[in-house]
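Observations on chain architecture
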Amino acid sequence: MELKSKLCLVVLVFSVLLAVSSGLDYKERDPGLRQCMHQCQHQEGYDEQQKQICEQRCDDYIKQKRQEERQRRRGGGDTSFVRYDENMEQYQGGQQHQQFDQNPYLFEDQDFDTIVETDQGRVQILQKFTEKSDLLRGIANFRIGALITKPHSFVAPHHFDADCVFFVFHGRPTISMVRGDKRESHNLERGDILRVPAGTPVYIINRDENEKLFVVKLLHPVNLPDQFEAFYEGGGENPQSFFKAFSPEVLEAAFKTERDELRRLFGQQRQGSIMKASREQIEKMSHSSRSSEGLWPFHGDQPSTPFSTSSKSGPFNLLRKRPSQSNRHGRLFEADSSDYKQLEELDLQISFANITRGSMIAPFFNSRATKISFVLDGEGFFEMACPHLASQESSQGGSQRQQRSSSPSYQNVRGDLRRGTVFIVPAGHPATAIASRNNNLQILCFEVNAKDNVRLPLTGKKNVVSQFEREAKELAFGVPGREVDRIFNKQDGEFFLEGPNNQQQGRIRSVV
Amino acid sequence: MELKSKLCLVVLVFSVLLAVSSGLDYKERDPGLRQCMHQCQHQEGYDEQQKQICEQRCDDYIKQKRQEERQRRRGGGDTSFVRYDENMEQYQGGQQHQQFDQNPYLFEDQDFDTIVETDQGRVQILQKFTEKSDLLRGIANFRIGALITKPHSFVAPHHFDADCVFFVFHGRPTISMVRGDKRESHNLERGDILRVPAGTPVYIINRDENEKLFVVKLLHPVNLPDQFEAFYEGGGENPQSFFKAFSPEVLEAAFKTERDELRRLFGQQRQGSIMKASREQIEKMSHSSRSSEGLWPFHGDQPSTPFSTSSKSGPFNLLRKRPSQSNRHGRLFEADSSDYKQLEELDLQISFANITRGSMIAPFFNSRATKISFVLDGEGFFEMACPHLASQESSQGGSQRQQRSSSPSYQNVRGDLRRGTVFIVPAGHPATAIASRNNNLQILCFEVNAKDNVRLPLTGKKNVVSQFEREAKELAFGVPGREVDRIFNKQDGEFFLEGPNNQQQGRIRSVV
Amino acid sequence: MELKSKLCLVVLVFSVLLAVSSGLDYKERDPGLRQCMHQCQHQEGYDEQQKQICEQRCDDYIKQKRQEERQRRRGGGDTSFVRYDENMEQYQGGQQHQQFDQNPYLFEDQDFDTIVETDQGRVQILQKFTEKSDLLRGIANFRIGALITKPHSFVAPHHFDADCVFFVFHGRPTISMVRGDKRESHNLERGDILRVPAGTPVYIINRDENEKLFVVKLLHPVNLPDQFEAFYEGGGENPQSFFKAFSPEVLEAAFKTERDELRRLFGQQRQGSIMKASREQIEKMSHSSRSSEGLWPFHGDQPSTPFSTSSKSGPFNLLRKRPSQSNRHGRLFEADSSDYKQLEELDLQISFANITRGSMIAPFFNSRATKISFVLDGEGFFEMACPHLASQESSQGGSQRQQRSSSPSYQNVRGDLRRGTVFIVPAGHPATAIASRNNNLQILCFEVNAKDNVRLPLTGKKNVVSQFEREAKELAFGVPGREVDRIFNKQDGEFFLEGPNNQQQGRIRSVV
């Protein structure tokens with residue numbers, strides 16, 4: 001039929017386009033997808049419904065293609081970028097999540113774009129939050145990224161038009177920044193937090209000779225709300241240095257140098273922006289942990305001292321701080337602007353939770369901060385009580401509602417967690433995280449809009465309901481006050497508790 | 001004809017949907033409307049014009065249905081939620097505004113959604129400002145609500161993902177909040193302003209045994225710009241407690257309690273989120289005006305003292321403050337962050353104007369604050385000079401314009417005011433409010449973006465024009481300076497003036 | 001064919017509309033365009049493609065019409081509003097840029113709307129930044145305007161619902177503002193910066209009897225993000241005074257004056273909002289540089305003293321400040337909140353660069369501030385390295401990309417500069433400006449999001465790359481370190497350098 005043949009044409013055109021395009025850049029999640037959608041929009045004779053069917057098929061086709069692409073790139077097997085061990089060439093197999101989840105608060109492998117990749121490492125950026133769901137538009141101006149490089153690697157000098165906060169989880173990076181007219185170098189290690197202000201030229205080495213580098217980044221763009229760019233000072237052909245964008249006569253005048261010499265300088269580099277450095281180069285750049293001017297007494301491979309925060313621009317080690325919560329079920333490390341002043345401008349708090357295997361975090365909610373959580377290691381799942389989805393579902397379906405309008409209903413939002421999963425817990429939403437029986441679950445949280453935020457526990461010590469007056473408890477629950485007390489006082493743990501006995505792992509139980 | 005039969009089909013489908021849905025939740029103003037629009041969008045064969053006609057009919061049909069719905073719910077008669085007296089069952093009849101006004105700055109009954117309703121009270125939330133007009137997108141991140149409950153009522157414990165500022169106009173509520181790990185209770189009374197920070201669990205009683213509770217709220221969501229949710233800690237079936245959203249095994253581990261017991265606890269409550277409390281319960285919760293820990297010397301049924309603002313989180317009584325303006329034509333009470341520090345974070349100022357019957361407010365404008373005004377009592381009308389609408393009108397109609405482009409033209413925006421009307425006066429817009437001859441007009445104003453705001457009077461004492469130099473007056477008006485002075489100095493009143501003699505009440509004279 | 005006849009009908013309808021409309025108001029850039037687009041949208045039988053073709057023709061037709069319109073108004077010749085000399089009736093001919101450039105960062109004559117025009121002067125406002133490109137949505141809440149009046153002119157009293165920062169380039173204005181209940185008058189001169197807070201009634205005279213007034217304005221609206229209105233206190237028929245928008249009975253009560261007298265007062269002025277003032281009137285308003293109350297010791301025609309900034313609301317003269325950079329190739333004057341406190345609230349910095357003929361600014365980038373640059377005098381061009389456009393181009397074209405995703409590629413964005421050109425340089429983007437051989441190039445920059453901004457030079461003294469460690473240079477460029485040093489150290493100039501020898505002027509070499 002007419003529709004089918006047109007659809008075939010669309011798919012044919014699209015597959016040709018896809019064959020020549022691979023990889024994705026910061027801004028266009030999928031140019032092939034865009035092209036496909038464009039065709040659907042402009043097909044002669046399509047009405048609205050047909051266009052929608054066409055677009056849906058584009059979407060499915062693209063997702064499928066990308067899965068296959070990743071498999072090809074990795075030599076088959078699991079394409080999860082996070083299922084790797086110390087030796088990056090080997091990958092552990094694992095269950096592939098074929099279904100495309102409908103959970104708007106959960107992000108997995110396929111939601112990351114690889115925007116830089118060489119044989120020495122890669123940079124992956126999570127899609128815009130609003131691309132997944134309009135419910136996340138409150139945090140639209142934040143992006144999540146990850147930098148993974150091999151030992152003894154070098155990341156070419158560049159700057160972003162975005163503020164950036166690093167967290168180091170593997171490897172030993174040295175980050176050099178040019179601020180004002182001097183360079184600062186910081187030897188970082190596992191647990192270090194460092195803010196790189198927008199527009200600061202940086203280059204990075206992994207000084208470790210065995211361990212890969214794994215850095216999680218939160219980015220806050222300054223030019224556009226949800227989008228940022230990399231500008232490579234150093235480079236040539238690949239990475240392309242931005243110097244090449246100026247016309248030859250302008251460069252000649254700017255450098256007072258003939259264009260042929262400049263062409264040579266800016267035409268050499270072809271290795272890509274992450275490359276191998278020799279042992280000698282690494283050594284030299286590791287020890288030059290002082291700026292080219294001035295004294296920086298707190299750098300070098302010293303353990304963080306209590307005084308390191310007085311170094312205005314140095315890192316802060318989250319894992320060396322005394323945990324705010326600690327028992328046999330887990331440990332919680334928190335840093336706010338009183339620990340690391342640079343968090344203040346971004347209204348940010350950072351926390352790291354290490355949930356012992358078989359344990360859980362007592363359900364709680366943040367009064368005003370939204371958590372952007374990145375799973376660093378381990379497995380488990382999270383659960384959240386969510387009113388949004390329930391209302392959307394019922395409104396779109398026009399399903400039965402109670403005769404008298406009443407309170408919202410809450411859906412269980414649940415998602416499996418494993419290395420590399422990102423999940424969002426908005427302010428006010430009660431949530432919990434549970435570690436598997438096999439491994440500790442280690443989660444890094446960027447908590448945005450953190451000023452005056454309070455954690456309100458829902459079970460265990462100091463839980464919210466136990467603060468109510470007796471009469472309020474009775475009226476609220478419709479059972480005698482002592483009954484409420486009995487139940488709400490039984491759990492005497494605080495923050496980290498013993499986990500459920502029959503843990504159901506496996507597939508993501510998403511909302512729909 | 002084809003179009004008509006399709007339209008009938010749409011209307012039929014829609015009416016079936018509507019029959020099973022009543023009430024509205026926070027986010028979907030009208031799921032039936034959405035369904036109807038969806039049908040229009042996807043009708044095969046409709047071109048753009050036909051779709052628009054179809055959508056307009058959906059809109060009209062819905063509005064009509066909702067009017068009828070409210071009449072059914074109230075047993076006929078006037079459905080205005082604000083036309084009631086002390087005894088909530090009796091309603092005064094009143095002229096129904098059948099026409100749907102085109103005034104983008106005025107909101108009436110039909111613009112409020114009843115999001116909670118039981119036989120003990122209800123909560124009504126004004127639609128998003130941007131739903132009425134794109135001209136209001138500057139205040140899109142504020143919402144207006146009203147809480148109305150019977151005497152001796154109890155509102156179940158809940159928190160919002162929104163900052164909230166209360167103003168008490170009727171009744172004597174006691175508001176209990178859990179902050180950190182203690183509970184604060186505040187006995188409020190008429191005129192009290194209280195801020196409840198986002199994410200704070202609260203429950204409320206009306207301790208009065210005769211007077212209904214009437215609280216006006218300004219909400220500032222934290223997760224999404226213009227939308228917020230309620231999370232009920234206390235509850236069961238109705239209101240649904242969010243605890244029920246967690247899976248049984250997670251709750252068992254969190255509470256260290258068997259699931260059957262938990263099912264019982266969270267399955268009892270069916271009364272809805274506003275319920276009746278016994279006299280004893282009310283008494284106990286009225287006197288416990290101290291937190292469970294610590295001293296709160298300023299609570300209890302004491303009149304507000306000059307020192308009450310030193311209690312960081314206690315209320316501030318607006319009506320007990322000395323009025324900023326007071327004469328026989330009216331009184332103005334104003335509170336800013338110097339009176340109540342918590343207003344600072346929201347950049348908010350609150351004012352209450354009591355315009356004596358037959359009087360008016362001298363026309364003035366705010367230099368930078370936008371007024372969100374809620375009419376608490378009385379009748380009257382407001383007038384405003386508005387350049388936006390004039391330009392839109394002429395641009396869309398392509399009507400004649402002067403050959404030389406010149407200044408904008410100003411339309412008279414006028415609206416009838418009565419209890420429950422909300423009207424917006426943007427910054428810089430000259431406006432005035434006039435009370436009817438029969439009743440005082442009492443208006444509560446939330447003034448947002450209040451920092452450094454200045455009121456500039458246009459007539460009467462200290463009016464703006466009288467500050468101009470003589471030459472400026474002559475050049476500006478093209479009449480001798482003394483002529484300008486004569487007219488601008490005649491009115492010696494300040495802020496509240498004698499009203500117009502021939503007051504024209506009645507229908508809203510809206511813009512179109 | 002059917003399409004052609006329908007298109008002719010559209011064009012016919014449209015041309016009739018256009019014949020009666022001239023000039024543009026603040027909000028509707030082109031009502032005729034809007035009408036034309038509307039017709040295209042609702043044409044029966046048009047599919048998506050046909051609609052797009054129709055809309056594109058509307059667009060082209062409108063642009064052409066507007067060019068012709070401007071020529072008619074000016075009596076032929078160049079319609080550029082900025083090609084004029086001291087005597088405003090004479091215009092210098094110049095090359096008309098017929099092509100419509102695709103450069104999203106460059107704005108020229110046709111991008112300004114004349115929103116006020118009389119025979120004594122005019123006000124021109126640059127279109128919304130987002131109308132040109134979505135890439136500029138980060139600065140959407142700023143608007144640029146220019147006020148040009150003849151000598152001895154008077155601008156009628158008005159206020160905006162926008163904060164406003166003035167820069168005086170020609171003429172000697174006296175600006176009178178009503179703040180609180182007193183009037184402040186400031187005699188300004190070339191180089192003065194003054195902030196007028198939102199909602200402040202102002203009137204302006206040009207006290208010079210020979211020199212025209214030319215003031216550049218940055219506006220920051222308070223009601224709507226990207227749109228503002230003028231409210232004329234003084235006026236009558238033209239400019240229309242907003243007093244006329246109130247109903248007669250309300251005005252009678254407000255003024256305690258009969259409506260006939262009021263009609264007379266508000267019905268006289270027909271000269272438009274910019275009118276001629278007599279010598280005596282100018283003299284009287286020049287000398288009354290004190291407010292009607294209180295002492296203002298720093299006003300009057302005194303040169304700015306070091307203490308003038310202590311006058312809280314007085315102007316700051318940018319050109320009298322010691323230049324931050326100065327050599328034979330140019331001078332740079334900068335003012336931030338430490339110079340003029342009022343810039344702090346807008347997070348603004350203002351700079352003025354005077355590039356000597358034949359010279360250039362060394363390529364640099366701002367770490368976080370975006371530059372909104374207005375060319376005040378001279379000619380030249382700018383170049384910028386831009387990653388955005390490259391990505392968009394390739395994504396839309398689905399062109400070949402490298403097999404391994406790598407760094408972005410940078411396009412050369414270049415634009416010719418002349419008086420009245422506005423160009424944007426976003427944060428992090430390397431850019432440079434070059435003056436022609438014939439004239440100095442004088443550029444005024446409003447730098448928004450200025451807090452903590454740093455300028456990072458790319459060539460010359462203190463350039464960024466020279467701060468890198470030797471190993472980093474070698475790894476980055478793939479050439480020996482000394483080679484990099486040799487090239488990056490050759491240019492010993494700072495900020496202003498000798499320009500290119502073979503300057504290519506002429507047409508804008510835009511991106512596409």
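Before reading further, recall that the structure is shown in the block above.
These remarks concern the structure in this document. Predicted model, so just to flag it, every value in this text is computed and none were measured.

1. Side note on the overall build of chain A
The number of helices and strands found in chain A is 10 helices and 27 strands. Buried residues in chain A amount to 65% of all 512 residues. Counting only contacts in chain A whose residues sit at least 6 apart along the sequence, the fraction spanning at least 24 positions is 77%. For chain A, the computed accessible surface area is about 19100 Å², with 46% contributed by carbon and sulfur atoms.

2. What to know about the side chain of Asp192 of chain C
Residue and element names in this part refer to chain C. Topologically, Asp192 is positioned in strand S9 (residues 192-196). Although Asp192 is buried, it forms no salt bridge, and the closest oppositely charged side chain is Arg320 at an N-O distance of 5.7 Å. In this structure the side chain of Asp192 is engaged in a polar contact, spanning 3.2 Å, whose partner is the side chain of Asn317.

3. Structural notes on the sheet that holds strand S15 (residues 325-327) of chain C
The strands making up a sheet associate through hydrogen bonds between their backbones, and the pairing can be parallel or antiparallel. Residue and element names in this part refer to chain C. Spatial ordering of the open sheet is given by S1-S23-S20-S25-S17-S16-S15, a layout of seven strands whose pairing is antiparallel. The open sheet has two free edges, formed respectively by strand S1 (106-107) and S15, since each of these has just one partner strand. In the sheet, strand S20 (residues 370-377) pairs with strand S25 (residues 441-448) via seven bridges, with the strands oriented antiparallel. From the neighbouring strand, Ser373 faces S25, where its bridge partner is Cys445.

4. Notes on helix H5 (residues 248-255) of chain A
Across the eight residues of H5 of chain A, six count as buried, placing the element largely inside the fold. Taken together, the buried positions of H5 of chain A are Glu249, Val250, Leu251, Ala253, Ala254 and Phe255 of chain A.

5. As for the side chain of Arg368 of chain B
Structurally, Arg368 of chain B can be placed in the loop between strand S19 (364-366) and strand S20 (370-377). With a relative accessible area of 14%, Arg368 of chain B lands in the buried category. In terms of polar contacts, Arg368 of chain B uses its side chain to reach the side chain of Asp163 of chain C, at 2.7 Å. With residues near it in sequence (within four places) discarded, Arg368 of chain B still touches Ala427, Val448, Asn449, Lys451, Asp452 and Asn453 of chain B together with Asp163, Arg195, Pro197, Ala198 and Val222 of chain C.

6. Here's the deal with the pattern of salt bridges
Using the criterion set out here, one finds 93 salt bridges over all chains in the structure. Taking the shortest distance from any N to any O, the salt bridge between Glu494 of chain B and Lys462 of chain B comes out at 3.7 Å. Of this pair, Glu494 of chain B sits in the loop between helix H10 (481-490) and strand S27 (496-498) while Lys462 of chain B is found in the loop between strand S26 (455-457) and helix H9 (470-477), placing the two residues 32 residues apart along the sequence. Through salt bridges with shared partners, one network takes in Lys128 and Asp226 of chain A together with Asp134 and Arg137 of chain C.

7. A look at the pairing of strand S25 (residues 441-448) of chain B
Residue and element names in this part refer to chain B. The buried fraction of S25 amounts to eight of the eight residues, a majority that puts the element mostly inside the structure. Of the two faces of S25, the one lined by Leu441, Ile443, Cys445 and Glu447 and the one lined by Gln442, Leu444, Phe446 and Val448 are each fully buried. Relative to S25, strand S17 (residues 348-355) runs antiparallel, the two being bridged by eight bridges. Looking at the pairing, Leu348 lines up with Val448 of S25.

Rules used throughout
- Residues numbered from 1 in each chain as written.
- Chains lettered and ligands numbered in written order.
- Predicted model: local features only at pLDDT ≥ 70, side-chain atom pairs only at ≥ 80, totals over all residues.
- Heavy atoms only, no water.
- Helix = DSSP H or I, 4+ residues; strand = E, 2+ residues; numbered from the N terminus.
- Buried < 20%, exposed > 50% of the residue type's maximum accessible area, 1.4 Å probe, protein only.
- Contact = heavy atoms within 4.5 Å.
- Areas by Shrake-Rupley, 256 points an atom, 1.4 Å probe, with all protein chains shown as cover.
- Lys, Arg positive; Asp, Glu negative; His and termini not counted.
- Salt bridge = Lys/Arg side-chain N within 4 Å of Asp/Glu carboxyl O.
- Polar contact = N/O pair within 3.5 Å; in protein donor to acceptor, adjacent residues only side chain to side chain.
- Pairing = 2+ DSSP bridges.

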